[in-house]
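A look at the structure
Letter by letter, the chains look like this.
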Amino acid sequence: MLEILNNPFIVRAIIAIVLISFVSSAIGSLTIFREQSFLVAGIAHGALAGAALAIFLDYYRILPEMSPIAGATVFSVIMAVTVGFFSSRGSEAHMDVIIGITFSMAMSLAILFVSMIREYAVQAWGLIMGDLLLLTSMDLLFLIIISSITVFLVTLFYREFVLIAFDEEGARALGLKVLLYDYLLLILTALSTVVLLKGVGAILVYVMLIIPAAAANKLAKNASNVMILALLFSLISGFLGLILAIILDLAPSALAGLIATTIYVITLMIKRA
Amino acid sequence: MPGLRSETAVDVRNLYVSYGDYLALENISFSVPHPSVTAIMGPNGAGKTTLVRAILRLIDFDEGEIKVFGLDVRENESEVRNLIGYVPQRERVREHIPVRAKDVVLLAKMVRLGPLSLPTKRDIEEVKSALKSVLLPREAWNKKFSDLSGGQKQKVLIARAIVLKPKLLILDEPFSGVDTVSQREIMGFLSKLKDKGISIIIVTHDINPIVEHIDNILLLNRRKIAFGTPQEVLTKENLSKAYGISVKVIVHGGACYAIIGDRHA
C-alpha cells in the first residue's frame, strides 16, 4: 500500500486534500457564521464560467496560454465583488436575489463557453467534476500560494470576522471598517472557491466548503472549535474519499462529498438524540 | 470628575435625518447632562433608533450638529467611538454562531486592541470584573450565548460595552424580552454606573419599569415632543401628542406612569 506514495499524482492529491481542508475550515466557518452559503454556490459557477472562457480564448488563439485557473480566479473575484457592491446597498434578502441572478448568469455563461469549445470540453469537464488525481506541480504551487494567503489572513483577522458576523452593528460602533472586512472576506471566499474548484470540481465546491463547517457549527461550543472540527471533518472526508477511490476506482471528489454529507447527517442525529 | 465642572454628555442641535424621501427626524435639539440617565421614548417608527445611530455615526445626518463630550461626531469619529459603549437591540445579534458568554466580552476588548494583540492577564481580569458587575451568574460565563436566557444575554451585551470603559453608555431596547427580575437588576447596576460617572441613554418603548431611575426623558415622534424630567414630560398632553391616542397617566409615589395599552409606547 505504501508504494502508492511513490506516485507523484497521489502525493499531490494528498497535499491538495490538506490544503483544501484548511481553506474549507477557515472560509467555510466564516461563511456559515455570515449565513452566506448560497454565495459559495454562486461563486463556484462564476469560477467555472471563467475557466471555460479561458479555455475558449486559448482554443481560438485569442489569448493563447491563458490558464483555466487564471480565468476562474478573475471571474470568481469579479463575481464576489459585484455581489458585495450591490448587496452593500440593500438588505440581506436583497443579497440572496443578487446572488441568485449572478449565479444564473454565471451558469449560463459557463454552459455557453463550454458549448463553444467543443472537443476541448473535456478540459472543462475536469473543472466540473474535479481532477484531484491529475494535478500538476504548477496547479499545486498555485493551490499552496492561494491557500496560504487565505489561511493567514483569516487567522490574522479572525476576531474581527467573528465579531462582524455575530453583531455587525456593534462592530461598526466599535469603529471597525465593516465594509472593508466584507470585501476582504468576499475576495478570500472567491479565491478559496478556485482552490476547491481545481480539487473537487464546481459541483462539489459547495459540499466541501460548506458541509464540514455546517456540521462543525452544530457540535462546537465556541467559534474556534468550529474551525478545528471543520478541519477534521474535511480531512476525514478527503482522505477517506481518496483511499476508497483508489481501492474502488471511483472519483475521489464524489466519494469525499458523500462522506462529508454523511458526517453532516450523523451530527444532525447526534444533536437530536 | 462630576461636580467640578458641569459637562454635557450629548448635545444635539437642529438635527435632521432622512432615508431617501422619508424624513425620519426633524429639527431635534436636546442636551444630556453628565452624568445622568436619559430615556428616549416614543411609538414605533418615532426615530428613536435612528437618533441613536446618528449619535454613533452608524448613519449620516442631513443637517444639524451632534457633540459628544464637546466633540463634534463628524470630525472626531474615532475619539467619539472610544467614549461611547453601545448595546444594540438583541435581535440584531446572530445567535447561531457558537460564542461563549465570556468570549463575547473578550472579543470586543481584543478587537479594540487590534489584530495582532493577544489577551493579557489584565484583559482577562477586566472581562471577569465586567461580567461580575452586571451580575451574570458565574455558571453562565462558559455557556454559549444562544443558551442563555433573555436577561442573561442582555447582561453579557452590557458587560461587553462596559469592559471598554466608556464615559457614555447607549442601550437600544435593553428590556425587551427580559424578565422583571433581570430588568430590575439591570436598571440597578446602570444606576450604579451613573454614580461612577458614566452617563446612560436608554432607548425604550416601555418607560414604566425604569421611571424611578431616570433623570430625563426625550419624548419623540419624528419631532421632539418634550425633553425634561419624567414629571415634566409624562403629561397627558405630551403623551397624547406622541402616541396620537388618549393616554392615561397615573401618579404614584412622586413618579408618573403612562398606561398606553398594547401599543408600543
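Heads up: the structure comes first, above all this text.
Numbering of residues starts from 1 in each chain and follows the order in which that chain's sequence is written. Each chain gets a letter, beginning with A, and each ligand a number, beginning with 1, in the order they are written. pLDDT decides what is reported in this predicted model: residues at 70 or higher carry local features, side-chain atom pairs at 80 or more are listed and counted, and totals for whole chains, interfaces and linings draw on all residues regardless.

1. Structural notes on the overall build of chain B
A tally of regular secondary structure across chain B gives eight helices and 12 strands. All radius of gyration figures rest on C-alpha atoms, and the globule criterion is 2.2 Å times the number of residues raised to 0.38. Taken against the 2.2 N^0.38 rule, which gives 18 Å for 265 residues, the C-alpha radius of gyration of chain B at 18 Å falls within 12% of a compact globule. Counting only C-alpha atoms and orienting by the principal axes, one finds that chain B spans roughly 55 × 45 × 40 Å. Every C-beta atom is placed from the backbone, and the number of other C-beta atoms within 10 Å of a residue's own sets its class: buried at 20 or more, exposed at 12 or fewer, partly exposed in between. Burial analysis of chain B (265 residues in total) assigns 45% to the buried set. We call two residues in contact if the C-beta atoms placed from their backbones are at most 7 Å apart. In chain B, the proportion of contacts linking residues at least 24 apart, taken out of those at least 6 apart, comes to 66%. A run of H or I in DSSP counts as a helix once it spans at least four residues, and a run of E counts as a strand once it spans at least two, with each numbered from the N terminus.

2. Structural notes on the pairing of strand 3 (residues 37-41) of chain B
Residue and element names in this part refer to chain B. Across the five residues of strand 3, five count as buried, placing the element largely inside the fold. Residue alternation in strand 3 divides its side chains into two sets, Val-37, Ala-39 and Met-41 and Thr-38 and Ile-40, and both sets are buried. Here a strand pair is declared whenever DSSP counts at least two bridges between the two strands. Where strand 3 meets strand 9 (residues 216-221), four bridges bridge the pair, whose relative direction is parallel. The residue bridging Thr-38 from the neighbouring strand is Asn-216, located in strand 9.

3. Points about the sheet that holds strand 4 (residues 63-68) of chain B
Residues and elements named next belong to chain B. Taken in spatial order, the four strands make up an open sheet running 2-1-4-5, and their pairing is antiparallel. Every other strand in the sheet has two partners, leaving strand 2 (22-34) and strand 5 (71-72) as the edge strands with one partner each. Both strand 1 (residues 7-19) and strand 4 contribute to a ladder of five bridges, which runs antiparallel. Its bridge partner being in strand 4, Arg-13 is matched across the sheet by Glu-65.

4. As for the interface of chain B and chain A
Taken together, the contacts link 21 residues of chain B with 23 residues of chain A. The set of elements that each furnish at least two residues to the side of chain B that touches chain A consists of helix 2 (77-83) and helix 3 (101-113) of chain B. It is helix 3 of chain B that contributes the most residues to the side of chain B that touches chain A, six residues altogether. Of the residues belonging to the side of chain B that touches chain A, the class tally is 13 nonpolar, one polar and seven charged. Residue type decides the class: Asp, Glu, Lys and Arg count as charged, Ala, Val, Leu, Ile, Met, Phe, Trp, Tyr, Cys and Pro as nonpolar, and the leftover types, Gly among them, as polar.

5. Structural notes on the sheet that holds strand 9 of chain B
Sheets are built from strands that pair by backbone hydrogen bonding, the pairs being arranged parallel or antiparallel. All names here are of chain B. Taken in spatial order, the six strands line up as 6-7-8-3-9-10 in an open sheet, and their pairing is mixed. On the outer flanks of this sheet lie strand 6 (84-87) and strand 10 (223-228), each paired with one strand and no other. The mean inter-strand angle of the sheet, taken between neighbouring strand axes irrespective of direction, is 15 degrees. For strand 7 (residues 168-172) and strand 8 (residues 199-204), the ladder comprises five bridges, and the chain directions are parallel. Counted as the bridge partner of Leu-171 is Ile-202 from strand 8. Contacting strand 3, strand 7, strand 8 and strand 9, helix 1 (residues 48-55) runs over the sheet at an angle of about 145 degrees to strand 7. Only the stretch in contact is used when a helix axis is fitted, and all axes are lines through C-alpha atoms; the angle between N-to-C directions ranges over 0 to 180 degrees. On top of the sheet, helix 5 (residues 150-162) reaches strand 6 and strand 7; it is set at about 165 degrees to strand 6, its chief contact.

6. Re the nonpolar core
Residues and elements named next belong to chain A. With 177 residues, the main nonpolar core has Ala-52, Val-205 and Met-208 as its most contacted residues. In terms of residue count, the dominant contributor to this core is helix 2 (residues 37-59) (14 residues). Not counting residues up to four positions away in its chain, the partners in contact with Ala-52 are Ala-110, Phe-113, Val-114, Ile-117 and Ala-124. Residues enter a nonpolar core if they are buried, belong to Ala, Val, Leu, Ile, Met, Phe, Trp, Tyr or Cys, and are joined to the set through C-beta atoms within 7 Å.

7. Topic: helix 11 (residues 223-248) of chain A
Note: α-helices contain 3.6 residues per turn, so residues at a spacing of three or four share the same orientation. Residues and elements named next belong to chain A. For helix 11, spanning 26 residues, the distance from its first C-alpha to its last is 37 Å, which sits close to the expected 38 Å at 1.5 Å a residue. Tucked inside the fold, the buried residues of helix 11 contact helix 1 (8-34), helix 7 (158-166), helix 10 (202-219) and helix 12 (252-272). Taken from the residues just after helix 11, Asp-249 is the one with a positive phi, measuring 60 degrees. Each helix should span, by expectation, one fewer than its residue count multiplied by 1.5 Å.

8. Describing the environment of Glu-26 of chain B
Residue and element names in this part refer to chain B. Examined against the element boundaries, Glu-26 turns out to sit in strand 2. Residue classification places Glu-26 among the partly exposed positions, given that 16 C-beta atoms sit within 10 Å. On a C-alpha basis, the gap between Glu-26 and Lys-109 in space is 36 Å, while along the polypeptide they are 83 residues apart. Filtering out sequence-adjacent residues up to four positions away, Glu-26 remains in contact with Tyr-16, Arg-222 and Arg-223.

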